[in-house]
Amino acid sequence: MIEDVAEAVAGRLAGEEPEDGDGGSAREVCWRGRGVVFASLDVDDAELVHVWRADPVAAHEVGMWPRSLSAVRERIERDRDEHDRDDFLVLLPDGTPIGHIALTDQDMVDGTAEIMLMLDPDHRGRGYGVDAVDALVDLAFGELPMQRVQAVTHTTNTAALGVLDRAGFVQEGVRRSACLHRGRRYDVAVLALLRDEWQALIRPRSWDVPVTGQ
C-alpha cells in the first residue's frame, strides 16, 4: 500500500500522466538539503500522509493516531491557510516521497518555532531524518528570523532523540507526565536549537548543497 501510493506521488512529482488520463503537474522543489529535497505539502498528498499516520511505530512513538482520509485531507487544507506554519513533503532527489516535515507555531516577533517530522517506515534509520531536520533549521535560521527552534517528543522515543541530537538540538528539560497515550502517562523531552548554536555547526548549509538528481 505505501509503495503504491509513494509511486503515484513520485510520478506526479515527475509530471507523469496518471493512467486514468486526468493529467498531472510536476511538483516544484522549494528547498534542498543534504540527501533530501522539500516540496510544499499539497492536498493531493493526503493519501500518503494518511498511510504514514497509520504506521504502528509512529502511533506508538509519536502518539499519532490514525485518522480518516477525509479528516487528513481537511487538516491539510486547513493548515495550508495558516500563516504560522509551513508544511513540506520530504523527497529523495529522484522524487520518491519519504516523509512529512513542518515548521509550526512560528512567532516572528519572538523568533520561535517548533519542528515536526514523520518519516516513511521504509526510510527510517538511513540518516534522512537528520538531513531533513538540518534542511528545515537552515530554512528557519537562514531565511526566517528565528532565534529558537524547539522540538518535543516522548523521552522513550530514542530514534527521534538521536536524530535531534545529531542535528545539534540540546535537551533543555523534561515535562513530567505531560502526555497521555494508550492509557499511560509519558514524560516529554523538550529540545531546542538556538541561532548561535546553528551558526556554530560545522556542516554545509542547504544553499551550499550542489543541485543534483533533479
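Residues numbered from 1 in each chain as written. Predicted model: local features only at pLDDT ≥ 70, side-chain atom pairs only at ≥ 80, totals over all residues. Heavy atoms only, no water.

Details of the packing of helix H2 (residues 46–53) against helix H4 (residues 69–80)
Close contact between H2 and H4 brings their axes to 9 Å; oriented N to C, the two are set at 115°. In the crossing of H2 with H4, the sense of the turn from one axis to the other is right-handed. Along its contact with H2, which presents Ala46, Glu47, Val49, His50 and Arg53, the element H4 presents Leu69, Val72, Arg73 and Ile76. Classifying every residue of the contact of H2 with H4 by side-chain character gives five nonpolar, one polar and three charged. (Axes fitted to C-alpha atoms, helices over the stretch in contact; angles between N-to-C directions. Helix = DSSP H or I, 4+ residues; strand = E, 2+ residues; numbered from the N terminus. Left-handed = near helix turned anticlockwise from the far one by under 90°. Contact = heavy atoms within 4.5 Å. Nonpolar A, V, L, I, M, F, W, Y, C, P; charged D, E, K, R; others polar.)

Looking at the sheet that holds strand E1 (residues 31–32)
Here we have eight strands laid out as an open sheet, ordered E1-E2-E3-E4-E5-E6-E8-E7, and mixed in their pairing. Both outer strands of the open sheet, E1 and strand E7 (170–181), are each paired with one neighbouring strand and no more. Of the strands in this sheet, strand E6 (148–154), E7 and strand E8 (184–194) touch helix H6 (residues 158–166), which is tilted by about 160° from E6. (Pairing = 2+ DSSP bridges.)

Points about the pairing of E6
Within E6, five of the seven residues are buried, leaving the element largely enclosed by the surrounding structure. Pairing geometry for strand E5 (residues 112–119) and E6, over three bridges, is parallel. The partner of Thr112 across the bridge, within E6, is Arg148. At this point the chain moves from E5, through helix H5 (residues 128–142), to the parallel E6, and the crossover so formed is right-handed. Pairing of E6 with E8, which is carried by seven bridges, proceeds in the antiparallel orientation. The partner of Ala151 across the bridge, within E8, is Leu191. (Buried < 20%, exposed > 50% of the residue type's maximum accessible area, 1.4 Å probe, protein only. Right-handed = clockwise from strand over helix to strand, strands pointing away.)

Quick look at empty space enclosed by the protein
Tallied over the full model, the rule gives one cavity of 30 Å³ or more. Looking at the largest cavity, its volume works out to about 40 Å³. Taken together, Gly33, Arg34, Asp131, Asp134, Ala135, Asp138, Arg203, Pro204, Arg205, Ser206 and Val209 make up the full set of residues lining the largest cavity. Residues belonging to the lining of the largest cavity are distributed by class as follows: three nonpolar, two polar and six charged. (1 Å grid on protein atoms, 1.4 Å probe; cavity = no way out; pocket = protein on both sides within 12 Å on 5 of 7 lines; lining within 4 Å. Points joined across faces, edges and corners; volume = space filled by probe spheres on them.)

Some thoughts on H2
Of all eight residues in H2, six are buried, a share of seventy percent or more. Those residues of H2 lying buried are Ala46, Leu48, Val49, Val51, Trp52 and Arg53.

Description of the side chain of Gln106
Residue position: Gln106 is located in strand E4 (residues 97–107). Relative accessible area serves as the criterion here: at 10%, Gln106 is assigned to the buried category. A polar atom in the side chain of Gln106 sits 2.9 Å from the backbone oxygen of Leu103. Leave out the neighbours within four places in its chain, and Gln106 touches Asp84, Arg85, Asp86, Thr112, Ala113, Leu144 and Met146. (Polar contact = N/O pair within 3.5 Å; in protein donor to acceptor, adjacent residues only side chain to side chain.)

A closer look at the pattern of salt bridges
One pass over the structure, following the stated rule, counts eight salt bridges. Across the pair Asp87 and Arg85 runs a salt bridge, and its minimum N-O distance is 2.7 Å. Of the two residues examined, Asp87 and Arg85, each falls in the buried class. Its salt-bridge partner being Glu172, residue Arg148 comes within 2.3 Å of it at the nearest N-O pair. Within this pair, whereas Arg148 is found in strand E6, its partner Glu172 is found in strand E7, the two being separated by 24 residues in sequence. Overall, the relative accessible area of 47% leaves Glu172 in the partly exposed class. One continuous salt-bridge network, built from bridges that share partners, spans Arg34, Asp131, Asp134, Asp138 and Arg203. (Salt bridge = Lys/Arg side-chain N within 4 Å of Asp/Glu carboxyl O.)

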